[in-house]
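# Topology and contacts: notes
Listed here are the chains, written in short residue letters.
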Number of protein chains: 4
Amino acid sequence: MINSAIAVDRKKGTARAVKFFDVNKGDEIVVGHQGVRVVPVQRATTHTDVFQFINTVIDADEPKSAIIRELAEDLRHARAAKGKIAIVAGPAIVRTGAGEHLVRLIQAGYIDRLFAGNSFAAYDVERALFGTSLGVSPDLAFARGGHENHMRAVNAIREASGIASAVEKKILTSGIMHACVCHNVDIVLTGSIRDEGPISGVTTDAIEAQKVMREKLADVTHVILLAAIRHSLAVASMLAPTVKTVCVDIDPSAVEKAIEHQPLQSIGLVTDVEPFLRELADCLTDSGVRD
Amino acid sequence: MINSAIAVDRKKGTARAVKFFDVNKGDEIVVGHQGVRVVPVQRATTHTDVFQFINTVIDADEPKSAIIRELAEDLRHARAAKGKIAIVAGPAIVRTGAGEHLVRLIQAGYIDRLFAGNSFAAYDVERALFGTSLGVSPDLAFARGGHENHMRAVNAIREASGIASAVEKKILTSGIMHACVCHNVDIVLTGSIRDEGPISGVTTDAIEAQKVMREKLADVTHVILLAAIRHSLAVASMLAPTVKTVCVDIDPSAVEKAIEHQPLQSIGLVTDVEPFLRELADCLTDSGVRD
Amino acid sequence: MINSAIAVDRKKGTARAVKFFDVNKGDEIVVGHQGVRVVPVQRATTHTDVFQFINTVIDADEPKSAIIRELAEDLRHARAAKGKIAIVAGPAIVRTGAGEHLVRLIQAGYIDRLFAGNSFAAYDVERALFGTSLGVSPDLAFARGGHENHMRAVNAIREASGIASAVEKKILTSGIMHACVCHNVDIVLTGSIRDEGPISGVTTDAIEAQKVMREKLADVTHVILLAAIRHSLAVASMLAPTVKTVCVDIDPSAVEKAIEHQPLQSIGLVTDVEPFLRELADCLTDSGVRD
Amino acid sequence: MINSAIAVDRKKGTARAVKFFDVNKGDEIVVGHQGVRVVPVQRATTHTDVFQFINTVIDADEPKSAIIRELAEDLRHARAAKGKIAIVAGPAIVRTGAGEHLVRLIQAGYIDRLFAGNSFAAYDVERALFGTSLGVSPDLAFARGGHENHMRAVNAIREASGIASAVEKKILTSGIMHACVCHNVDIVLTGSIRDEGPISGVTTDAIEAQKVMREKLADVTHVILLAAIRHSLAVASMLAPTVKTVCVDIDPSAVEKAIEHQPLQSIGLVTDVEPFLRELADCLTDSGVRD
């Protein structure tokens, strides 16, 4: 694993991987490469657990339905066992119209934490208030006002002093952020130099944001990284090796990079995020039969 | 348009684009660049026809459902008006499990011609006979026999002396090729240096294949290019400028290249082929409500 | 242009594009789409200025040497005319070994501002102090110590209280950061949630960073965006429409996105950053003849 | 390895990988997966042979110069030991202006076989006769005549009854094809459905082409796959496992796919083909010092 070290406990006779930020004064750390032999884990050729599969990346030209069904099964067990499921969400979820499927998952109790950038929240609020994304409506016709809607959405939340408050005041009555507030999903929003005007509640300082992210990831058992490569890599580098990780992105290189942080407990799907979320929500909710 | 020329008809006072292979002795062709002024077509900002849209490529992070519904509407009109719809199909259709959706479109009468490579047919037959793709079953577990199934499928068709004959002899009883034979879809299969053992009926000579392709494209009104970039570019270069063209591929560059041959009558979608075909078939057939 | 508006000056009878953050109280802004007709600029078919070229993106399979020579010529004029040239630099510059070429450009006075992330600086310092990138030496053999070198580099700068100070104390005696300090290049470093331990002098707050970036971009005439897509998009969105912009990246989509912010004064090259910088530095410096 | 089987020689007590087309009647082939244990080869962490390196793919953001130097060293040994070096060449070589570097390698005796498509030859001849690629000159200005030059080049070779004959008649006096004829490089040209008018000497039948390719690859010791993904995959699937294979392409997925056919003797570089060939030719020829 990149950015990890091997900590040895001489009393117990055990060794474990530790991230740099988890090293404590006095820990005994393996230094150098001499004398360390790496034995690749023997993967099963028969298929048992979706996260211990022989191929970790499902390419664009490979079937995904069976994997999504197994993933749904695993998430169902996780929810029953009081596991904590975190999602890292990119703006493409809102823009492609996949928000409604994510809302279904939130309503059914499958999401405990949501990590996203300022722009994800801004897109979601623009969609909820105006029905557009950067002024473009879902049928791709330009709405009157164009990019203006995006700025109005940001300003509406700022005026209400934050998302939770906008929900309380009935300014924000639908969308992903609204569902998170209503179903007690922890929202962790971080800023970036690409943002246009931060929404209240966004952590704009990178160091502070990392601290919050680590805290909110500490007890997580499953992480789903959705079309948000930069954010996903930041989150992936903070995970304990035992956290089950799914990455979905249309860019094969992005999936490879996110997955390599969790080589033994991860699965990557090269696909469009909208049909992935639709199919996952169909598997996990009653509204699976589409009208 | 690349590989086209401007033919002028002095009597009628008109000019039109002609492909090189359509130029006849005696045609008057514009030579040189001097005196030619290119006026870009003023695209509508309000949305009328899906093929004359302001943006021709729908990116991975843009919504696709509305476009797919409009495309379905257009295909419904085309079928009613006795238009001819051709499809160029890549192996990913079979491998991702999208074959069943293509079969629904064939059964409902939406496909008149199918253009594909030898390997597409081989994948489809392997799936129909053994349930696998290169020995891999849909849940991505390795089947017994592995790659062997692929060779057995090719050999089964060779032994039956072709696909139509294999359908007649009840050797091939399901899949896309089977549906094409049963619903009178013209199958145009071409060979490539990457093929492993050609199926009977595949045109292996490139020049002969081009001749057949041009004939079978002559009266086509709509072309759908699905996850088959090389084949799609060959077909796109043979189309009259009036043929409505849709290209679906997960690689943005592939979509751009296929679309630029038909700049005024085309739409490209950067997405996974399986959910695209599922949604299109849901729009166009009764079996749209999923169980 | 995205995120811009049209400001009209009724007295002068002129109109100009303004970015949202440049709008002042009292400015008259065009609202709505009605009555606005967009006339695409008629590009020259004969080649005059490299930035007003008929094709703005040079693809991987197109020749780049002539464009690089013309770009060099333009930069030579810019330097003579006291223009300000800014560079946005990604870690791949250091990792591919292109740092020495960038140093040559800095030494010859072609760079006035350098924008980068914390990790770019950390990679450059690791290279300068240990000769490695994430512990990997230029011949791709793993050095003793591995990832450790990266952390040591970060710590060395922290201990010296910053890059300028490390140069002064002769701790840092080579590399890009060193060249910047020695040749009075303004260094603007910003943090991100992916960083491992910020170097002193890095602005970690996104809002503060944007403010600094805008100030340092205000008088810039040329911007070169090098293999740093996220940072490049942030910078591109802050540029006046007259700033000449070059984007170099190996990912075609990244180049397209960066370029579309500056549609009339930009050129994109889909290529590897190392040979681009080598060729540009060869054109602009005496050390062009390689040994 | 895909499309291979394990052939056991009971007398000798040995096993080896055989491609399907190399299996002879009577060979004993391992069937099924039971009882087969795959032990991954323990790669050296210290760097010995460039083809047995710990990482087989050098990404866009990794240094390439050291690898290219080692590759040059290996090719120098291969030439001295009378090894046979084959190249698979894509049109981007001609279009990017890398043809001159390939010519240097041919003149220095580093290429024994050249595999390409019809369009590669057509581009090279267009460049040699008119100085353009699809009518575009190296400084990217459109030449008079446009795409016309490409057709004229094809016709010039057809009229001369082939490339060798055009060289003999002094019609073709420069370029890659010319260098191949002059230095006894075997040229293996194959057709495709995307070609515009085949040049004399091109094998247009896919099955016949495969037969010729296999014969010409039989004694090859090194294969260099350059920016020609489809052709490269066809060639890679025909190679004995001992053939040292290099793949250079700007598309990471293309490199991965080409390399996986030769997992133990291959190296992939994600980079632009022009600088790669320039640097390789600089390493291997006296003309390395550029003016």
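Residues numbered from 1 in each chain as written. Chains lettered and ligands numbered in written order. Predicted model: local features only at pLDDT ≥ 70, side-chain atom pairs only at ≥ 80, totals over all residues. Heavy atoms only, no water.

Attention now moves to the pattern of salt bridges. Residues and elements named next belong to chain B. Under the defined criterion, the tally for this structure stands at 48 salt bridges over all chains. Residue D186 is joined to K216 by a salt bridge in which the shortest nitrogen-to-oxygen separation is 3.1 Å. Of this pair, D186 sits in strand β7 (residues 186–190) while K216 sits in helix α8 (residues 206–217), and the two are 30 residues apart along the sequence. The exposure class of D186 is partly exposed, given its relative accessible area of 27%. Residue K216 is classed as partly exposed on the basis of its relative accessible area of 27%. (Salt bridge = Lys/Arg side-chain N within 4 Å of Asp/Glu carboxyl O. Helix = DSSP H or I, 4+ residues; strand = E, 2+ residues; numbered from the N terminus. Buried < 20%, exposed > 50% of the residue type's maximum accessible area, 1.4 Å probe, protein only.)

Residues and elements named next belong to chain A. Together, I6, V8 and V30 line one region of the surface with nonpolar side chains, adding up to about 190 Å² of accessible area. Turning to its location among the elements, V8 is positioned in strand β1 (residues 4–9). With relative accessibility at 34%, the residue V8 sits in the partly exposed group. (Patch = residues over 30% accessible without salt bridge, like charges linked within 9 Å, V, L, I, M, F, W, Y side chains within 5 Å. Areas by Shrake-Rupley, 256 points an atom, 1.4 Å probe, with all protein chains shown as cover.)

Residues and elements named next belong to chain B. The strand order β4-β10-β9-β8-β5-β6-β7 describes an open sheet built from 7 strands, whose pairing is parallel. Strands with a single pairing partner mark the edges of an open sheet, and in this sheet they are β4 (57–58) and β7. Examined bridge by bridge, strand β6 (residues 113–117) and β7 share 5 bridges and lie parallel to one another. The residue bridging A116 from the neighbouring strand is L189, located in β7. Across the sheet, helix α1 (residues 65–80) touches β4, β5 (85–89), β8 (222–226), β9 (244–249) and β10 (266–270), and the angle it forms with β8 is around 140°. The sheet strands contacting helix α4 (residues 118–130) are β5, β6 and β7, and the helix crosses β6 at an angle near 100°. (Pairing = 2+ DSSP bridges. Contact = heavy atoms within 4.5 Å. Axes fitted to C-alpha atoms, helices over the stretch in contact; angles between N-to-C directions.)

This brings us to the packing of helix α4 (residues 118–130) of chain C against helix α5 (residues 148–159) of chain C. Two packed helices can be described by the angle between their axes and the distance between those axes. All names here are of chain C. The N-to-C vectors of α4 and α5 enclose an angle of 100°; their axes lie 8 Å apart at closest approach. The angle between α4 and α5 places the two elements in the roughly perpendicular class. Counting all contacts with α4, which are made through A122, Y123, V125, E126, L129 and F130, the residues of α5 involved are N149, H150, R152, A153, V154, A156 and I157. (Parallel < 35°, antiparallel > 145°, perpendicular 65-115°, else oblique.)

Quick look at the side chain of T245(C) now. All names here are of chain C. Within the element layout of this structure, T245 appears in strand β9 (residues 244–249). A polar contact is formed between the side chain of T245 and the backbone oxygen of V243, at a distance of 3.2 Å. Beyond its immediate sequence surroundings of up to four residues, T245 is in contact with F51, V223, L225, L239, Q262, Q265, S266 and I267. (Polar contact = N/O pair within 3.5 Å; in protein donor to acceptor, adjacent residues only side chain to side chain.)

Any link to function would need more than the numbers given here.
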